[in-house]
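# Report on the structure
Each chain, letter by letter, is given below.
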Amino acid sequence: MIRIWQSMCSLKSQRKYLFYICVLCLGVLTLQVSLFCEINANYDKKRIEKRRYGLMQGYLKPESRSVINVDFTVNNVLDHMTNVRRGYFGNENFTDKMSDFVKNYTLQIHKQELLRVIVMPHSHNDPGFKKTYSEHPDQSTDTILSLAVEKLFQYPDMAFVWPETCFIQRWWKNQNDTTRNKLKQLVKSGRLEITSGAWVTPDEATPHYFAYLDQLIEGHFWVKQHLDVTPVASLDMDQFGYSSTARYLLKKAGIKYSVVKRVHMGMKEYLMKTRLMNFYMKTPFDLYEQGIFTQVEPYEWLSFPDSCGPSRDICADLDFGHDVTLPDPGTPEANKPIRLLNHHYRSLSSFADKVVQQLKRKSRSFLHNVLLLPHGDDLRYGTGYEWDNQYRNMKILIQYINSNQNYNVRMKFGTLKDFFTELEERSEVNFKFPVVSGDFFPFTTGNEYWSGFFTTRQYLKRLGRELQESVRAADILAALVILSGHVHEMSREILTSVLEQLVGARRELSAFQHHDAITGTSRTHVVKGYENKLSSALSVTQQIMAFLIEVILFNACSFRDKENTRCGYQKENRMKDGNTLRTSVYVFPASVQKVSDVELAFNSKTDYSLVLYNDFTQERDEIVEFLFSSPYISISDYTSGKNYSFDYLWQGEMVHIFFKTSLLPLSITTFKILKSHQTFLGKSMNINHFDVSDTNFTLCENSQVNVTFSLSDGSPQEICYKIENFCEKIRIDWRHYRQSGGAYSLSLSNESVNLLKSNLKVRMISGSKQCTVEVSHDTIKIEYVLKNTIGLNGRYLQVNVHTDLSRANAGYFVGEISMRVVTTINNSDIFYTDSNSLQLLERKYRKTMPFSSNVYPISSMAAIKDGSRILNIHTSQPHGAVSWEPGIVDLFIDRVALKAEYGLWHEVKDNKFTSTKLYLQFESCTNSNSDSKSENFVPSFESLIINDLVQHPLKSFFSIKDVPLEKTSVGFLQSSLPCDITIANMKCLCQDNFDLEGVSLTLFRRLATRCDTIPTKCGIPAKYTMISPDSLFINNPGKNFTVKEMSLTHLKVKKSLTQYEIVPFEEMDLKTFLFVKNPRVKMKRERNKTNIFV
């Protein structure tokens, strides 16, 4: 090779080529080094990003997960019901996915297999059904809990379960350390199980997911703090049906197992026959989780008679709490006759034979050989005598049955967790329980469908939702005050008082979620107690918000300056007065106190500031309405000096003022209100009265929508959307259903009469800010309102309904009032109602079933749709709803129920004046997302945010203008959150002495879609939405707080987040974070006891 090289080139040429080769080699080497550096740099960058985004902790690993398919849905079962009141099956041999499932899993329990029975003692205590919450401790509940501690130590093989934390918390306060430690020891050992750990056993049909989650956090935080226990099983045998949303929240909170009881009897009979009484219950959207493992108890009531098998008489004899003494086995008395509650038995053996026979008949409903035997009833185990009798006699029966090998049964005392642990151990390894999706509504008992309570006592449901709105807003504001550093304005004593009042109001809201409270199915005096407590809590939260706003806005009234006479501030004015926190001195709620009341206390010439608090996480365009004593005012912006035009309308001695503004997310904004002798930019609204015999039409219009109304009855006739260029025919009728149901049940057909057929008054009230068509009748007044805004508040027709059925006390009205919306939408027999406001689920109208069986609960939204049109109905409180013909939705507004039933045994006719707000929104959307397979409907971003605006109304306050303001507006967010992210829960967590433990924040990423023709600020949804929790709020709380990601309800710490760490949210993802003050700041706090934080 060298010779060839020498022969080809001269020496000079050789040097030249060698130089080129060296340059080339150097270039290649440089390129390799550069690529190596870039690869390493990219690797480091990716490694840093992985750490920042949480990838290294396993956040984003979709490739490692497999989709969990649903084996059948509740709708699949209901589709095969026949026209029988209880809904029996007409075709035993139908072929579908359920029967296929049954064929594939036919585990048989052979006679030689041992039947294991867990006897579970329990006592069911409702905090508000026959007794008020405050009546329970003195009369029963405290005694039961105290005896549980005493007797479980006396009987070391006995067990007991208790579901509701509210009773334990109140009992705990009155116990000494010895008794408390005994309870903790029993709980830790597993012999006394706290099932679910929620504050109450909530209804699952009517609550909003915020309130459901709030009471779950309240209960779980308490049991973790005081008992250091993590509940894993939930005993849910008394609710009136079950929602997949509640099961989802329980699963996210760490609950693995659930026992339910009250489902449709026809469905239960089918599940018993096919032995599918165990399944995983999941939501349609949760693709990667099986859901919560659920067992359906076979029989109807939560009582001894429905515990052991189909014979209620024999099972009732297991109630040994009376004067009953079973003979010891092996003694002569064991062969003598026994007299129990319902029967005489020839001997102990004869009684045991009957019990075992019932147990084995009950076991035929299951695919396994482990049986739960609930042993209790309402308010049982209330005396030492009963505890002794129940234990001694059941122990004798257990010993006798266990000793008889012919029975092939083994019984023992145990808890709910013990039962599921035993079930897991005894189930065959390869056996797979089905996965079921859907809501179990409505529940039936006998021949009655329990769909009436969706609407019962509507005034109480409205009051409860108002408190929910106020508690949420106050809790968020208090948390923001702490995270943003404003707490240095308050002394420790004042902050403690504020937190104590917030916790009290929050717990009143939590107690109201109980399945006999929000349902309206309590006795009359208990309902009155709820009303008083809700009203008091509402007032307290309004006053707390006013107080916190004053802390933020005012400088001259600094709480450190105790000698500041300019403000007239006295420290004791800030403390509790009895059970109520005194209101702030210079800020007061517009919704609680009238301006005229305050003017009596101050100079009538005083000017004011209007303070608006937006607790929603998006910017909003609003028509602000407030009451004032005079229209002779000006409204202006503090910052820009801009004067706002307004409309006004006299109502008695007060004036309704309407003006338009935009508000930042999570913000406080103030406006000057200056009194004058004339109106500045104010205009009186026009009022036109119509002749109901007139067949013409009138129009309300804004820049986005126009609505045509009939002059004869005031009903809307057509609604047109200008941007999308489409119109929809519409008619709203007000119907009277005559029915014979009670507080729980609904018993009616689709026949109804027109409620507004006579005595109508129709008028139009119009101005530059909104247009209203008002229809008045003897028992109802309707206001159709179209707002003139450029935002989403201008894209719906608001329907305000004011009902007064108090005349029912004189027997003038019986039945239901419904709003019937008639459209041209061809939705066939499919409609959608929300499941606790978390998701929209498919419902079907089945003509083979009674009308009442097709009524479903709505917490905040219902919808019908076809291929191009959608009607969304948003509500501000729970109702029942049904779509019984294509294009028609009936939404039940209020009711009078005269049938006495099921423990109430009295009529429900204590109706009161009630205001209901409904919002009708049409969409032209050809790409709407509904999954017929999973039976859910994904709303648009527009619909989602409109529903948010409905659920989170503005909070209005007044302040005295001549007191100097430190700030005129405050925003707490760094920027608006993404449209699909909302605050599901945010509050201050407190210790028993109400010292601050930390700030809890739960974020929820909703599932939403974009309608193809509707402009929106929301982008196209991505697979993950990225959020940095400590970067959300102003003043950078990440510097002063450590942020931890928690389990949903604070039972476990998942991880501590690094500063600015970004957390990914999948669709329908809920994540909870805890902000805890850094140790350095706590040390400063210890050095300065007078102030909370420095």
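Scroll up for the structure.
In this report, the structure presented in the accompanying data block is examined. This one's a predicted model, so the numbers in the text were calculated from it and none came from an experiment.

### Observations concerning helix α7 (residues 177-189)
For α7, spanning 13 residues, the distance from its first C-alpha to its last is 18 Å, which sits close to the expected 18 Å at 1.5 Å a residue. Listed as buried for α7 are Thr179, Leu183, Leu186 and Val187. Down the axis of α7, the buried set is contained in an arc of 100°. They therefore lie on one face. Projecting away from the buried face of α7 at angles above 90 degrees are the exposed residues Asp177, Thr178 and Lys188. Two or three places before Thr178, at the opening of α7, Asn176 has a side-chain oxygen 3.2 Å from that residue's backbone nitrogen. Directly after α7, the chain includes Gly190, whose backbone phi takes a positive value near 90°.

### Quick look at the packing of helix α15 (residues 458-483) against helix α16 (residues 492-512)
Between α15 and α16, the shortest axis-to-axis distance is 10 Å and the interhelical angle comes to 145°. Where α15 crosses over α16, the two elements pack in a sense that is left-handed. Each of Leu460, Gly464, Leu467, Gln468, Val471, Ala474, Asp475 and Ala478 in α15 lies in contact with α16, whose residues at this interface are Leu502, Ala505, Arg506, Leu509 and Phe512. Considered class by class, the residues forming the contact of α15 with α16 number nine nonpolar, two polar and two charged.

### Side note on the sheet that holds strand β1 (residues 72-73)
The six strands are arranged β1-β13-β7-β8-β6-β5 in an open sheet whose pairing can be described as mixed. On the outer flanks of this sheet lie β1 and β5 (233-236), each paired with one strand and no other. In this structure, strand β7 (residues 278-282) lies alongside strand β8 (residues 292-296), joined through four bridges in antiparallel fashion. Residue pairing in the sheet places Phe279 in a bridge with Thr294 of β8.

### Some words on the packing of helix α8 (residues 209-227) against helix α9 (residues 244-252)
Across the interface, α8 lies against α9 with an axial gap of 11 Å and an inter-helix angle of 35°. Like other packed secondary-structure pairs, α8 and α9 cross with a definite hand, here right-handed. For the pair α8 and α9, contact is made by Tyr209, Tyr212 and Leu216 and by Ala246, Leu249 and Leu250, respectively. Broken down by class, the residue content of the contact of α8 with α9 amounts to six nonpolar, no polar and no charged.

### Remarks on the pairing of strand β33 (residues 761-766)
Successive side chains on a regular strand alternate, one facing one side of the sheet and the next facing the other. Inspection of the sheet shows strand β27 (residues 686-690) paired to β33 by five bridges, in the antiparallel sense. Along β33, the bridge assignment pairs His689 with Arg763. Pairing of β33 with strand β34 (residues 770-776), which is carried by six bridges, proceeds in the antiparallel orientation. Opposite Ser766, over in β34, you have Cys771 as the bridge partner.

### Looking at the environment of Asn181
The residue Asn181 is located in helix α7 in this model. In sequence terms Asn181 and Leu227 are 46 residues apart; their C-alpha atoms lie 9.1 Å from each other.

### Some details on the state of the cysteines
According to the stated counting rule, one finds three disulfides in the structure shown. A sulfur-sulfur distance of 2.0 Å marks the disulfide that ties Cys308 to Cys315. A torsion of -95° about the S-S bond marks the disulfide between Cys308 and Cys315 as left-handed. A relative accessible area of 0% places Cys308 in the buried class. At a sulfur-sulfur separation of 1.9 Å, the disulfide partner of Cys700 is Cys771. Between Cys700 and Cys771, the S-S torsion sits near -50°, and that sign places the bridge as left-handed. Here Cys700, found in strand β28 (residues 697-701), pairs with Cys771, found in strand β34; they are 71 residues apart in sequence, far enough to count as distant. Cys700 gets classed as buried once you look at its relative accessible area, which sits at 1%. For Cys988, which is in no disulfide, the shortest distance to another cysteine sulfur is to Cys990 and amounts to 6.2 Å. Overall, the relative accessible area of 2% leaves Cys988 in the buried class.

### Looking at α15
An α-helix turns once per 3.6 residues; consequently, residues spaced three or four apart project the same way. The first and last C-alpha atoms of α15 sit 37 Å apart over 26 residues, in line with the 38 Å expected at 1.5 Å per residue. Note on α15: the residue one or two positions beyond its end, Gly485, has a positive phi of about 90°.

### Describing unusual backbone geometry
Of note, the amide linkage connecting Phe441 to Pro442 takes the cis form, showing an omega dihedral of -10°. Its place among the elements puts Pro442 in the loop between β13 (435-437) and β14 (443-445). The phi torsion at Tyr381 lies on the positive side, around 60°, for a residue other than glycine. With respect to the helices and strands, the residue Tyr381 is situated in the loop between β11 (370-378) and α13 (384-403). You can call Tyr381 buried: its relative accessible area is 0%. Positive phi, close to 60°, is recorded for Asn408, a residue that is not glycine. Mapped onto the secondary structure, Asn408 falls in the loop between α13 and β12 (409-413).

### Section: the sheet that holds strand β24 (residues 654-663)
On the basis of which strands lie adjacent, the open sheet formed by four strands has the order β20-β24-β23-β26 and mixed pairing. The open sheet has two free edges, formed respectively by β20 (620-628) and β26 (682-684), since each of these has just one partner strand. Each neighbouring strand pair of the sheet contributes to a mean axis angle of 30°, computed without reference to strand direction. Of the pairings in the sheet, the one linking strand β23 (residues 646-651) to β26 comprises three bridges and is parallel in character. Bridging from a neighbouring strand, Tyr648 pairs with Ser684 of β26.

### Structural notes on the pattern of salt bridges
If you walk through the whole model with that rule in mind, you get 48 salt bridges. A salt bridge links Arg392 to Asp328, with the shortest nitrogen-to-oxygen separation between them at 3.8 Å. You can see Arg392 sitting in helix α13 and its partner Asp328 sitting in the loop between α11 (312-316) and β9 (338-339), a full 64 residues away along the chain. Overall, Arg392 belongs to the partly exposed group, its relative accessible area being 34%. A relative accessible area of 38% places Asp328 in the partly exposed class. Across the pair Glu907 and Lys909 runs a salt bridge whose closest N-O atoms are separated by 3.1 Å. You can call Glu907 partly exposed: its relative accessible area is 33%. Here the salt bridges share partners, and the residues they tie into one network are Asp214, Glu218, Asp475, Arg506, Arg507 and Lys987.

### Quick word on empty space enclosed by the protein
What the rule picks out here adds up to 13 cavities of 30 Å³ or more. Within this model, the largest cavity holds a volume of roughly 390 Å³. For the largest cavity, the lining is made up of 30 residues, of which Tyr209, Ser837, Leu838, Leu944 and Arg1006 are closest to its centre. Breaking the lining of the largest cavity down by element, the ones donating at least two residues are α8, α15, β39 (839-844), β47 (936-938), α19 (941-951) and β50 (981-990). Ranked by residue count, the leading element in the lining of the largest cavity is α19, at four residues. Here the residues of the lining of the largest cavity sort into 15 nonpolar, 10 polar and five charged. For the second largest cavity, the calculated volume is near 100 Å³. Taken together, 15 residues line the second largest cavity, and the ones lying closest to its centre are Asn75, Gly438, Asp439, Glu842 and Arg843. Elements supplying a minimum of two residues to the lining of the second largest cavity: α3 (74-78) and β39. Per-class residue counts for the lining of the second largest cavity are six nonpolar, five polar and four charged.

### A closer look at the environment of Ile623
Within the element layout of this structure, Ile623 appears in strand β20. Accessibility expressed as a relative area gives 7% for Ile623, which makes it buried. Discounting chain neighbours no more than four positions away, the residues touching Ile623 are Phe658, Phe659, Lys660, Lys769, Gln770, Lys787, Asn788 and Thr789.

### Brief notes about the side chain of Thr779
For Thr779, the position within the fold is in the loop between β34 and β35 (780-787). A relative accessible area of 8% places Thr779 in the buried class. Once residues lying within four places of it in the same chain are set aside, the contact partners of Thr779 are Leu755, His802, Thr803, Asp804, Leu805 and Arg807.

### Considering the packing of aromatic side chains
Counted under the stated rule, the structure contains 46 aromatic pairs. Aromatic pair Phe512 and Tyr530: ring centres 5.9 Å apart, planes at 70°, arrangement edge-to-face. In this pair, Phe512 sits in helix α16 while Tyr530 sits in helix α17 (residues 524-553), placing the two residues 18 residues apart along the sequence. Of the two residues, Phe512 and Tyr530, neither departs from the other in class, the shared state being buried. Arranged with centres 6.4 Å apart and planes meeting at 55°, the rings of Phe1065 and Phe1073 form a pair that is tilted. Here the aromatic cluster, defined as three or more aromatic residues joined through ring pairs, consists of Phe588, Tyr608, Phe626, Phe628, Tyr644, Phe659, Phe671 and Phe958. Above the face of the Phe153 ring, Lys182 is positioned so that its terminal group lies 5.6 Å from the ring centre.

Calculation rules
- Residues numbered from 1 in each chain as written.
- Predicted model: local features only at pLDDT ≥ 70, side-chain atom pairs only at ≥ 80, totals over all residues.
- Heavy atoms only, no water.
- Helix = DSSP H or I, 4+ residues; strand = E, 2+ residues; numbered from the N terminus.
- Expected span 1.5 Å × (residues − 1).
- Buried < 20%, exposed > 50% of the residue type's maximum accessible area, 1.4 Å probe, protein only.
- Arc of directions from axis to C-beta.
- Polar contact = N/O pair within 3.5 Å; in protein donor to acceptor, adjacent residues only side chain to side chain.
- Axes fitted to C-alpha atoms, helices over the stretch in contact; angles between N-to-C directions.
- Left-handed = near helix turned anticlockwise from the far one by under 90°.
- Contact = heavy atoms within 4.5 Å.
- Nonpolar A, V, L, I, M, F, W, Y, C, P; charged D, E, K, R; others polar.
- Pairing = 2+ DSSP bridges.
- Disulfide = S-S within 2.5 Å.
- Salt bridge = Lys/Arg side-chain N within 4 Å of Asp/Glu carboxyl O.
- 1 Å grid on protein atoms, 1.4 Å probe; cavity = no way out; pocket = protein on both sides within 12 Å on 5 of 7 lines; lining within 4 Å.
- Points joined across faces, edges and corners; volume = space filled by probe spheres on them.
- Phe/Tyr/Trp six-rings, centres within 6.5 Å; stacked < 30°, edge-to-face > 60°.
- Lys NZ or Arg CZ within 6 Å of the ring centre and 35° of its normal.

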